[in-house]
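Listed below are the residues making up each chain.
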Amino acid sequence: MSTYRLKNLLAPHSVALVGASPRQGSVGRAILNNIGKAKFAGEFGLVNPCHSEIDGVATVGSLSGLSFVPELVVLTAPAKSIAGLIDEAGRRGTVGAVIVSAGLGHGPGSLAEEAERAAKQYGMRLIGPNCLGIMMPGVNLNASFSAHMPDKGNLALISQSGAIAAGMVDWAAQRAVGFSGIVSIGDQLDVDIADLLDYFAMDEKTQAILLYIEAIKDARKFMSAARAAARIKPVVVVKSGRMAQGARAAATHTGALAGSDAVYDAAFLRAGMLRVSDLRELFDCAETLGRLKSPPGKRLAILTNGGGIGVLAIDRLVELGGIPAAVAPDVREKLDAVLPPTWSRSNPVDIIGDADSARYAAALEVLLADPGNDAILVMNVQTAIARADEIAATVTDVVRKYRDQQRMSPKPVLAAWIGADQEISDILSGAGIPNYPTEDDAVRGFMHLVRHREVVEALAQVPPAMPGGFTPAVEAARRIVADALNDGRQWLDPIEIKRLLDAYDIAMVPTYAAVDAEQAVAHASTVFAQGSTVVLKIMSRDIVHKSDVGGVVLNLTSAEAVRSATSDILARARAMRPEARISGVMVQAMVLRPKARELILGLADDPTFGTVVVFGCGGTAVEIINDRALALPPLDLQLARSLIERTRVSRLLRAYRDVPAVKEDAVAMVLVKLAQMAADIPEIRGLDINPLLADQAGVLAVDARVAVGRVERKFRGSGPANFAVRPYPSQWQRHIEVKDGWRVFLRPIRPEDEPLIHEFLRHVTSHDLRLRFFALMKEFSHEFIARLTQLDYARAMAFVAFDEATNELLGVVRIHSDSVYESGEYAILLRSDLKGRGLGWALMQMLIEYARSEGLKSIWGDVLAENTVMLAMCRSLGFQVKPDPAEHDICNVRLAL
């Protein structure tokens, strides 16, 4: 797995610091001081060939001079010595290194490449280079040059910026927020964001993960890890460079609309991550997620002593998509009994400006018991009548008592004490109540909780490899694109585009290509015979915006008008764009759909995330209006609907005044088809349909452009070469027969299999569970099973077996690749009452076939020595079986592929 040996780096039992210096202000000395102040309890050694001691700590001249083998070495030595130090550490048995030093360079022939090559010889993991270091409060390790050590807590921070990491520590110290770990990843020579997401996702001490990102290197690996982590716990991301403009001129409308940051936004959304815009919002998000679990809904009750501030909070709540909780009649009666008659009698529950701590307590107890809300925001505006600190203390007492009574699932309570001093914040923070300076921040905090629950639900959906009931003419479409590429062309001509869209059942107005006026007249006669007038458009691969050169003429009614207009269009285009390659004109029927909406749909190619689907308001002013949303494919109808709903133009698709609603799902289905087209034909480098007319009768493409080009595989593994998110691999569904004619159905696992897995585990003995998990397993949590069932099929795969007759789940086999996608760790589990019938052998055969198709070089696993049945099967399958050198009750098995 990508977490291979990370525990040794992030929770080591022994550490050596190489390169510490007695010089004041040096990085090495700062790290030495930090390690000492944090009181690391494991073995510690200091390596410096030039000094016998530093700050009272004895040194040795080299790693070989240490009396122990350090699990982790922290390197602050000059860049040119790093590769040699890693080699020396690897020969001694060191597991990993944090390279704080900068200046190792990048790419072939660099010092970084030498360091990476040295580490690979020994299976060492590397963090850095050019990083702040790591801070792991759980093991009292501060191997960084940060000014402070964070307290222990349940937030993990992964940062591409050392300064951001250090700033988070300073902020956390003021808010009594602690961390399970802080890792500054630097240049990500080995350990990257995805590896650390995997690690902290499975770390029981981590409740939420915070990310600071500047750029992603391996998008498919990142998306796989992010989606897996976000299913289990909140992942919050802030990314710099939001306003950077694309450096390259886009050749299509969709390319222009799909700016780099917009694609990151779409990726974060698809991964289920919560994106925030700046550090303040990141801090506020940490404040919320570090203390509370997500509520089951988004109904918020607001308790306040200030009506105005309460109304502002309600406004913000509605604006962000939350729901003000209704105050039911029975709840109103209970509040009437404890509040003065002047209270607001609605939400926000305004208990009037003279409210004291007793009034707050009485109202809060009623709201906590009310099933009509999902969370409560308590606000206070300080007055001279009642002390704000006493009210805060009383509120914390009520919340503590409530949590003691509702240990399983207490509803979240948030607070905003307007203008409060640090003492009041400390009171609330001490009780685990997230608190904020304003009502706006508090409502945002609540909505972060809501959004996390919503994205977890969305992540449980897996788009099919192909929409049901839709069978495109894939081979015909591929031939169209291949012919263009063989001709050395980068653009499809209008006739090819019409055929391509026809192959995917996307309706387009009949289109003809004419090289001169006479051909245009001939094609126009066909259109006139059908009772339509004619539209002419300039045909040039170099003229993106036809109307800019007067290249569109509408509503032509005669042959002479067509002849004249063709000559005029060609002359204008040649005069205004003399360098453009002009092929002639397109001849189309004039489409009159007066109540149709003009939309743009398309595909764009992003250098990081591959193919992106674009939807928005179409027409000639598409870039100016800039109403668009992006999504990473694959898409199903639900994801396509969600994409549409993120635009302003989506509101126009509904009925209004005398305009009927657009035919249900007609637009969404075109988006699904385009995503499928991108999967089938990765050589499509850009596509836009603009406009796509949509009304109650359906949709019709009026104009389209398609750019094509040779494609090198962007991502490792199988699946569409240009997709950062892999579709459900339905091609791996099999019907097989094992011993005694037993019919079994095998398929990749799906999220909805979770209840079946729970039922399956009831048929596995405790002995077999111990053989599988190397420990007694008394219960399996939702989080544990979700991690098994909710895959995105990029780095992990699991196959489940079903009895064809009873549809009972019989067994499961899974594989998870390592961080460099060279080998995969396998695991298998069968129902205990079904052994010996050939099912385990069949599952392993399928797993081996899958691993080969993915390009993995080997499969490996750890098997208890007493599990003689599994070891015998491994030998029969060709695995090498060796005793584990460290764990004598375990055998290492490996199959070369």
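Refer to the preceding data block for the structure.
Residues numbered from 1 in each chain as written. Predicted model: local features only at pLDDT ≥ 70, side-chain atom pairs only at ≥ 80, totals over all residues. Heavy atoms only, no water.

Peer 1: Can you explain empty space enclosed by the protein? Please cite residues and give values.
Peer 2: To find leftover empty space, one rolls a probe the size of a water molecule over the atoms. Across all of its chains, the model carries seven cavities of 30 Å³ or more by this definition. Roughly 150 Å³ of internal volume is contained in the largest cavity. Lining the largest cavity are 16 residues, with Arg-772, Leu-788, Val-812, Arg-814 and Leu-829 positioned closest to its centre. For the lining of the largest cavity, the elements supplying multiple residues, two or more each, are α24 (754-761), α25 (766-773), α26 (782-789), β34 (809-817) and β35 (823-830). (1 Å grid on protein atoms, 1.4 Å probe; cavity = no way out; pocket = protein on both sides within 12 Å on 5 of 7 lines; lining within 4 Å. Points joined across faces, edges and corners; volume = space filled by probe spheres on them. Helix = DSSP H or I, 4+ residues; strand = E, 2+ residues; numbered from the N terminus.)

Peer 1: Let's hear about helix α6 (residues 193-201): which residues, and what values?
Peer 2: Each full turn of the α-helix corresponds to 3.6 residues, which orients residues three or four apart in the same direction. For α6, a buried count of nine out of nine residues is recorded, marking the element as mostly surrounded by other parts of the structure. Turning to α6, its buried residues are Ile-193, Ala-194, Asp-195, Leu-196, Leu-197, Asp-198, Tyr-199, Phe-200 and Ala-201. If you check the start of α6, you find a side-chain oxygen 3.2 Å away from the backbone N of Ala-194, and it comes from Asp-192. (Buried < 20%, exposed > 50% of the residue type's maximum accessible area, 1.4 Å probe, protein only. Polar contact = N/O pair within 3.5 Å; in protein donor to acceptor, adjacent residues only side chain to side chain.)

Peer 1: Tell me what's going on with the environment of Ala-458, and back it up with residues and numbers.
Peer 2: With respect to the helices and strands, the residue Ala-458 is situated in helix α16 (residues 439-459). A relative accessible area of 39% places Ala-458 in the partly exposed class.

Peer 1: Provide a residue-level description of unusual backbone geometry, including the pertinent values.
Peer 2: The peptide bond linking Asn-347 to Pro-348 adopts the cis configuration, its omega dihedral lying at 15°. Pro-633 connects to Pro-634 through a cis peptide bond whose omega is 5°. In this fold, Pro-634 is placed in the loop between β27 (628-631) and α22 (637-645). Of note in this structure, Ile-352 is not a glycine but carries a positive phi near 80°.

Peer 1: Explain the environment of Glu-114 to me, using residue names and the numbers behind them.
Peer 2: Relative to the helices and strands, Glu-114 resides in helix α4 (residues 111-122). Take Glu-114: its relative accessible area is 35%, and that puts it in the partly exposed class. Along the chain, Glu-114 and Ile-82 lie 32 residues apart, while their C-alpha atoms are 8.6 Å from each other.

Peer 1: Can you lay out the sheet that holds strand β4 (residues 57-60) for me, pointing to particular residues and giving the numbers?
Peer 2: The seven strands lie next to each other as β3-β4-β2-β1-β5-β6-β7, forming an open sheet whose pairing is mixed. Strands with a single pairing partner mark the edges of an open sheet, and in this sheet they are β3 (53-54) and β7 (125-127). Note that strand β6 (residues 96-99) and β7 share three bridges and pair parallel. Note on β7: the bridge partner recorded for Gly-96 is Arg-125. In the packing of helix α3 (residues 82-92) onto the sheet, the strands contacted are β1 (14-18), β5 (72-75), β6 and β7, and the crossing angle to β5 comes to about 165°. (Pairing = 2+ DSSP bridges. Contact = heavy atoms within 4.5 Å. Axes fitted to C-alpha atoms, helices over the stretch in contact; angles between N-to-C directions.)

Peer 1: Describe in detail the nonpolar core, supporting the description with residues and values.
Peer 2: Judged by nonpolar contacts, the single largest core of 75 residues is most densely connected at Phe-615 and Met-677. Broken down by element, this core gets its largest block of residues, 10 residues, from helix α23 (residues 666-680). Discounting chain neighbours no more than four positions away, the residues touching Met-677 are Leu-500, Leu-501, Tyr-504, Ile-506, Ile-684 and Leu-687. Judged by nonpolar contacts, the second largest core, of 66 residues, contains Val-98, Ile-158, Ile-193 and Val-237. (Core = buried A, V, L, I, M, F, W, Y, C linked by side-chain atoms within 4.5 Å.)

Peer 1: Summarise the pairing of strand β26 (residues 610-617); cite the residues concerned and give the values.
Peer 2: Extensive coverage of β26 is indicated by the burial of eight of its eight residues. Sheet topology note: the strand β25 (residues 597-606)/β26 ladder contains eight bridges and is antiparallel. Along β26, the bridge assignment pairs Leu-599 with Cys-617. The hairpin formed by β25 and β26 contains three residues between the paired strands. Of the pairings in the sheet, the one linking β26 to β27 comprises four bridges and is antiparallel in character. Across the sheet, Gly-616 pairs through a bridge with Arg-628, a residue of β27.

Peer 1: Tell me what's going on with the pattern of salt bridges, and back it up with residues and numbers.
Peer 2: Summed over the entire model, instances satisfying the criterion amount to 50 salt bridges. A salt bridge links Arg-359 to Asp-354; the shortest N-O distance between them is 2.7 Å. By relative accessible area, which is 35% here, Asp-354 ends up partly exposed. In this structure, Glu-759 and Arg-762 form a salt bridge, with 2.8 Å as the shortest nitrogen-oxygen distance. Shared partners join several salt bridges into a network, and the residues in it are Arg-125, Asp-190, Asp-192, Asp-195 and Lys-221. (Salt bridge = Lys/Arg side-chain N within 4 Å of Asp/Glu carboxyl O.)

Peer 1: I'd like a description of the pairing of strand β36 (residues 858-864), backed by residues and values.
Peer 2: Of all seven residues in β36, six are buried, a share of seventy percent or more. Direction of pairing for β35 relative to β36: parallel, over a ladder of three bridges. When the bridges of β36 are listed, Ser-823 appears paired with Ser-858. Crossover handedness for the path β35 to helix α27 (residues 839-853) to β36: right-handed. Bridging between β36 and strand β38 (residues 890-896) involves seven bridges; their strand directions are antiparallel. Within the sheet, the bridge partner assigned to Leu-864 lies in β38 and is Ile-890. (Right-handed = clockwise from strand over helix to strand, strands pointing away.)

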